[in-house]
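Descriptive structure summary
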Amino acid sequence: MARHDVTLFGDALAASRLGERFAMLDPQALLRLAIEHLYAGRIALVSSFGADSAVLLHMVAAIDRATPVVFVDTRQLFPQTLTYRDALVAQLGLSHVITALPDERVLGAEDPENFLWASDPDRCCDIRKTAPLGQALQGYDAWITGRKQFQSATRAALPLFEAEGERVKINPLAGFDATAILAYIKAHDLPPHPLVAQNYPSIGCLPCTSPVKPGEDQRAGRWRGRGKVECGIHLGPLSAGADI
Ligand code: SF4
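It should be emphasised that the depicted structure is a prediction, and the values quoted were computed from it without experimental measurement.

Of all hydrophobic cores here, the largest spans 42 residues; its most connected members are Ala 34, Ile 43, Ala 44 and Val 70. Counting residues per element, this core draws most heavily on helix H3 (residues 53–63), which supplies seven residues. Ignoring anything within four residues of it in the chain, the contact list for Ala 34 reads Tyr 39, Ile 43, Ala 142, Ile 144 and Ile 170. Cys 124, Cys 125, Cys 205 and Trp 223 belong to the second largest nonpolar core, which has 11 residues in total.

Right, dumping it as C-alpha coordinates:
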(Lines give C-alpha, C1' and ligand atoms only; values in the text may rest on other atoms or scores of the structure.)
Protein backbone atom coordinates (compact mmCIF):
# COMPACT_ATOMS: atom_id res chain seq x y z
CA MET A 1 0.00 0.00 0.00
CA ALA A 2 1.41 3.37 -0.95
CA ARG A 3 2.22 5.95 1.70
CA HIS A 4 -0.43 8.42 0.59
CA ASP A 5 -3.15 5.77 0.93
CA VAL A 6 -2.89 5.79 4.72
CA THR A 7 -1.91 9.35 5.56
CA LEU A 8 -5.08 10.83 7.00
CA PHE A 9 -4.28 14.51 7.60
CA GLY A 10 -6.77 14.82 10.42
CA ASP A 11 -9.58 13.18 8.47
CA ALA A 12 -11.61 11.42 11.18
CA LEU A 13 -13.90 9.84 8.59
CA ALA A 14 -10.95 8.28 6.77
CA ALA A 15 -9.67 6.97 10.12
CA SER A 16 -13.04 5.44 10.81
CA ARG A 17 -13.07 3.77 7.37
CA LEU A 18 -9.59 2.38 8.04
CA GLY A 19 -10.86 0.95 11.33
CA GLU A 20 -13.82 -0.71 9.61
CA ARG A 21 -11.58 -2.12 6.91
CA PHE A 22 -9.27 -3.85 9.37
CA ALA A 23 -11.75 -4.57 12.17
CA MET A 24 -11.57 -8.31 11.56
CA LEU A 25 -7.84 -8.45 12.37
CA ASP A 26 -6.70 -9.50 15.81
CA PRO A 27 -4.28 -7.08 17.56
CA GLN A 28 -1.16 -9.00 16.52
CA ALA A 29 -2.21 -9.08 12.86
CA LEU A 30 -3.13 -5.39 12.94
CA LEU A 31 0.24 -4.54 14.45
CA ARG A 32 2.07 -6.55 11.81
CA LEU A 33 0.13 -4.81 9.08
CA ALA A 34 0.91 -1.38 10.53
CA ILE A 35 4.60 -2.04 11.30
CA GLU A 36 5.54 -3.98 8.17
CA HIS A 37 3.27 -2.48 5.55
CA LEU A 38 1.13 0.59 6.28
CA TYR A 39 3.82 2.61 8.07
CA ALA A 40 7.03 0.63 7.62
CA GLY A 41 9.92 2.60 9.13
CA ARG A 42 7.61 5.45 10.09
CA ILE A 43 5.83 4.09 13.17
CA ALA A 44 6.64 4.00 16.89
CA LEU A 45 5.05 2.35 19.89
CA VAL A 46 4.51 4.71 22.81
CA SER A 47 4.65 2.80 26.09
CA SER A 48 4.41 3.87 29.72
CA PHE A 49 5.78 0.49 30.87
CA GLY A 50 2.75 0.48 33.13
CA ALA A 51 0.33 -2.12 34.46
CA ASP A 52 -0.38 -4.07 31.28
CA SER A 53 2.17 -2.55 28.87
CA ALA A 54 3.92 -5.92 28.61
CA VAL A 55 1.14 -7.20 26.33
CA LEU A 56 1.68 -4.70 23.53
CA LEU A 57 5.45 -4.68 23.99
CA HIS A 58 5.49 -8.47 23.66
CA MET A 59 3.33 -8.36 20.51
CA VAL A 60 5.56 -5.72 18.91
CA ALA A 61 8.78 -7.53 19.89
CA ALA A 62 7.46 -10.68 18.20
CA ILE A 63 7.13 -8.73 14.95
CA ASP A 64 10.33 -6.66 15.09
CA ARG A 65 12.43 -6.04 18.19
CA ALA A 66 13.91 -2.96 16.52
CA THR A 67 10.55 -1.18 16.37
CA PRO A 68 11.01 2.24 17.99
CA VAL A 69 9.49 2.33 21.49
CA VAL A 70 9.06 5.79 22.99
CA PHE A 71 9.02 6.01 26.79
CA VAL A 72 8.25 9.38 28.38
CA ASP A 73 10.17 9.78 31.63
CA THR A 74 8.42 12.70 33.32
CA ARG A 75 10.98 12.63 36.16
CA GLN A 76 8.00 12.02 38.45
CA LEU A 77 7.57 8.28 37.83
CA PHE A 78 7.54 5.52 40.42
CA PRO A 79 11.02 4.01 40.79
CA GLN A 80 9.34 0.63 40.30
CA THR A 81 8.36 1.69 36.76
CA LEU A 82 11.97 2.42 35.81
CA THR A 83 13.12 -0.93 37.19
CA TYR A 84 10.27 -2.70 35.41
CA ARG A 85 11.13 -0.94 32.13
CA ASP A 86 14.73 -2.11 32.28
CA ALA A 87 13.70 -5.69 33.06
CA LEU A 88 11.10 -5.83 30.26
CA VAL A 89 13.41 -4.28 27.68
CA ALA A 90 16.03 -6.91 28.50
CA GLN A 91 13.57 -9.80 28.56
CA LEU A 92 11.88 -8.88 25.27
CA GLY A 93 15.12 -7.86 23.55
CA LEU A 94 13.80 -4.46 22.52
CA SER A 95 16.67 -2.70 20.78
CA HIS A 96 15.31 0.77 19.99
CA VAL A 97 13.89 2.34 23.14
CA ILE A 98 13.79 6.12 23.06
CA THR A 99 13.49 7.93 26.40
CA ALA A 100 11.75 11.28 26.01
CA LEU A 101 12.60 13.73 28.79
CA PRO A 102 11.22 17.14 29.76
CA ASP A 103 13.28 20.16 28.78
CA GLU A 104 15.49 20.97 31.80
CA ARG A 105 15.33 24.71 31.09
CA VAL A 106 11.54 24.64 31.11
CA LEU A 107 11.50 22.62 34.33
CA GLY A 108 13.91 25.08 35.89
CA ALA A 109 11.73 28.02 34.90
CA GLU A 110 8.29 26.58 35.64
CA ASP A 111 8.69 23.73 38.09
CA PRO A 112 11.97 24.12 39.98
CA GLU A 113 10.53 22.51 43.15
CA ASN A 114 8.80 19.63 41.31
CA PHE A 115 5.43 20.65 42.74
CA LEU A 116 3.65 22.00 39.66
CA TRP A 117 1.50 18.85 39.69
CA ALA A 118 -0.21 20.21 42.83
CA SER A 119 -1.01 23.73 41.56
CA ASP A 120 -1.45 23.21 37.81
CA PRO A 121 -1.51 19.55 36.75
CA ASP A 122 -2.49 20.40 33.17
CA ARG A 123 0.61 22.55 32.71
CA CYS A 124 2.71 19.96 34.50
CA CYS A 125 1.53 17.29 32.04
CA ASP A 126 2.17 19.72 29.18
CA ILE A 127 5.82 20.24 30.00
CA ARG A 128 6.62 16.79 31.40
CA LYS A 129 4.61 14.55 29.04
CA THR A 130 2.97 16.14 26.04
CA ALA A 131 5.84 18.31 24.80
CA PRO A 132 8.56 15.61 25.20
CA LEU A 133 6.36 13.08 23.42
CA GLY A 134 5.58 15.50 20.61
CA GLN A 135 9.29 16.09 20.19
CA ALA A 136 10.10 12.36 20.21
CA LEU A 137 7.44 11.60 17.59
CA GLN A 138 8.76 14.13 15.07
CA GLY A 139 9.59 12.16 11.94
CA TYR A 140 7.01 9.43 12.53
CA ASP A 141 3.75 9.22 10.61
CA ALA A 142 2.01 6.89 13.04
CA TRP A 143 2.14 5.82 16.65
CA ILE A 144 0.72 2.89 18.57
CA THR A 145 -0.97 3.26 21.95
CA GLY A 146 -2.05 0.67 24.51
CA ARG A 147 -5.38 2.31 25.35
CA LYS A 148 -8.41 0.09 25.79
CA GLN A 149 -12.15 0.77 25.78
CA PHE A 150 -12.84 -0.95 29.07
CA GLN A 151 -10.41 1.21 31.06
CA SER A 152 -12.79 4.10 31.68
CA ALA A 153 -16.05 5.67 30.55
CA THR A 154 -14.07 8.28 28.60
CA ARG A 155 -12.39 5.56 26.53
CA ALA A 156 -15.53 3.46 25.89
CA ALA A 157 -15.78 4.49 22.22
CA LEU A 158 -12.05 4.29 21.46
CA PRO A 159 -11.57 3.39 17.75
CA LEU A 160 -8.79 1.30 16.17
CA PHE A 161 -7.49 4.25 14.13
CA GLU A 162 -7.50 7.95 14.94
CA ALA A 163 -6.48 10.85 12.74
CA GLU A 164 -4.30 13.19 14.78
CA GLY A 165 -3.09 16.11 12.75
CA GLU A 166 -0.81 14.66 10.12
CA ARG A 167 -0.19 11.60 12.24
CA VAL A 168 -2.22 8.43 12.66
CA LYS A 169 -2.76 6.89 16.06
CA ILE A 170 -3.44 3.15 16.24
CA ASN A 171 -5.06 1.43 19.23
CA PRO A 172 -4.70 -2.32 18.52
CA LEU A 173 -5.96 -3.33 21.99
CA ALA A 174 -9.05 -1.09 21.88
CA GLY A 175 -11.39 -4.08 22.12
CA PHE A 176 -9.34 -6.10 24.62
CA ASP A 177 -10.98 -6.49 28.04
CA ALA A 178 -9.40 -7.31 31.40
CA THR A 179 -9.91 -11.04 30.84
CA ALA A 180 -8.15 -10.96 27.47
CA ILE A 181 -5.26 -8.98 28.95
CA LEU A 182 -4.82 -11.44 31.81
CA ALA A 183 -5.09 -14.42 29.45
CA TYR A 184 -2.36 -12.99 27.20
CA ILE A 185 -0.08 -12.25 30.16
CA LYS A 186 -0.56 -15.78 31.47
CA ALA A 187 -0.14 -17.47 28.08
CA HIS A 188 3.19 -15.71 27.52
CA ASP A 189 4.34 -15.74 31.13
CA LEU A 190 4.91 -11.97 31.15
CA PRO A 191 6.13 -10.32 34.38
CA PRO A 192 3.67 -7.99 36.16
CA HIS A 193 4.47 -4.40 37.06
CA PRO A 194 5.27 -4.63 40.80
CA LEU A 195 2.56 -2.10 41.71
CA VAL A 196 -0.28 -4.15 40.22
CA ALA A 197 -0.30 -6.36 43.31
CA GLN A 198 -0.81 -3.20 45.38
CA ASN A 199 -4.07 -2.34 43.55
CA TYR A 200 -2.62 -0.01 40.92
CA PRO A 201 -4.28 -1.19 37.67
CA SER A 202 -3.23 2.05 35.92
CA ILE A 203 0.14 3.59 36.71
CA GLY A 204 1.31 7.09 35.87
CA CYS A 205 3.37 9.56 37.87
CA LEU A 206 3.90 8.96 41.58
CA PRO A 207 2.24 12.18 42.85
CA CYS A 208 -0.85 11.67 40.67
CA THR A 209 -1.57 7.95 40.99
CA SER A 210 -3.36 6.20 43.85
CA PRO A 211 -4.61 2.63 44.37
CA VAL A 212 -8.05 1.70 43.05
CA LYS A 213 -10.88 0.25 45.13
CA PRO A 214 -13.04 -2.74 44.05
CA GLY A 215 -15.67 -1.67 41.53
CA GLU A 216 -13.88 1.48 40.41
CA ASP A 217 -12.72 2.20 36.84
CA GLN A 218 -9.16 1.10 36.15
CA ARG A 219 -8.15 4.75 35.85
CA ALA A 220 -9.99 5.99 38.93
CA GLY A 221 -6.69 6.34 40.77
CA ARG A 222 -5.27 8.80 38.24
CA TRP A 223 -5.49 12.45 39.40
CA ARG A 224 -8.02 11.32 42.00
CA GLY A 225 -10.25 14.17 43.12
CA ARG A 226 -8.67 16.61 40.64
CA GLY A 227 -11.34 16.53 37.89
CA LYS A 228 -8.66 15.46 35.40
CA VAL A 229 -8.86 12.17 33.48
CA GLU A 230 -6.18 12.36 30.75
CA CYS A 231 -2.69 13.79 30.69
CA GLY A 232 -3.15 15.60 27.40
CA ILE A 233 -1.24 13.37 25.01
CA HIS A 234 -4.56 11.99 23.78
CA LEU A 235 -6.48 15.25 23.71
CA GLY A 236 -5.31 16.65 20.39
CA PRO A 237 -2.47 16.80 17.86
CA LEU A 238 0.95 16.76 19.50
CA SER A 239 3.27 19.64 18.83
CA ALA A 240 6.99 19.62 19.40
CA GLY A 241 6.54 21.91 22.36
CA ALA A 242 6.35 25.13 20.43
CA ASP A 243 4.10 26.61 23.12
CA ILE A 244 6.71 26.34 25.83
S1 SF4 B 1 0.76 13.02 35.87
FE2 SF4 B 1 1.08 14.50 37.54
S3 SF4 B 1 3.31 14.62 37.93
FE4 SF4 B 1 2.95 13.53 35.96
S5 SF4 B 1 3.20 15.10 34.45
FE6 SF4 B 1 0.99 15.00 34.89
S7 SF4 B 1 0.59 16.44 36.61
FE8 SF4 B 1 2.82 16.14 36.40
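On to the packing of helix H2 (residues 27–38) against H3, then. In the contact formed by H2 and H3, the axes pass within 10 Å of each other and the chain directions differ by 55 degrees. Classified by the angle their axes make, H2 and H3 are oblique. Considering how the two elements wind past one another, H2 and H3 form a crossing that is right-handed. Listed contacts from H3 to Pro 27, Gln 28, Leu 31, Arg 32, Ile 35 and Glu 36 of H2 are Met 59, Val 60 and Ile 63. In the contact of H2 with H3, the residues fall into six nonpolar, one polar and two charged.

This brings us to the site of the ligand. Near the ligand there are 13 residues, and of these Pro 121, Cys 124, Cys 125, Cys 205 and Cys 208 occur at the shortest range. At five residues, helix H7 (residues 121–136) tops the list of elements feeding residues into the shell around the ligand. Here the shell around the ligand is composed, by residue class, of eight nonpolar, three polar and two charged.

With that settled, consider the sheet that holds strand S4 (residues 142–144). If you walk across this open sheet you meet the six strands as S3-S2-S1-S4-S6-S5, and the pairing is mixed. Only two strands of the sheet have a single partner each, and these edge strands are strand S3 (97–100) and strand S5 (161–164). The sheet shows a mean angle of 30 degrees between the axes of neighbouring strands, taken without regard to direction. Both strand S1 (residues 43–46) and strand S2 (residues 69–72) contribute to a ladder of two bridges, which runs parallel. Bridging across to S2, Val 46 finds its partner in Val 70.

The rules behind the values
Residues numbered from 1 in each chain as written. Predicted model: local features only at pLDDT ≥ 70, side-chain atom pairs only at ≥ 80, totals over all residues. Core = buried A, V, L, I, M, F, W, Y, C linked by C-beta atoms within 7 Å. Buried ≥ 20, exposed ≤ 12 C-beta atoms within 10 Å, placed from the backbone. Helix = DSSP H or I, 4+ residues; strand = E, 2+ residues; numbered from the N terminus. Contact = placed C-beta atoms within 7 Å. Axes fitted to C-alpha atoms, helices over the stretch in contact; angles between N-to-C directions. Parallel < 35°, antiparallel > 145°, perpendicular 65-115°, else oblique. Left-handed = near helix turned anticlockwise from the far one by under 90°. Nonpolar A, V, L, I, M, F, W, Y, C, P; charged D, E, K, R; others polar. Near = placed C-beta within 6 Å. Pairing = 2+ DSSP bridges.

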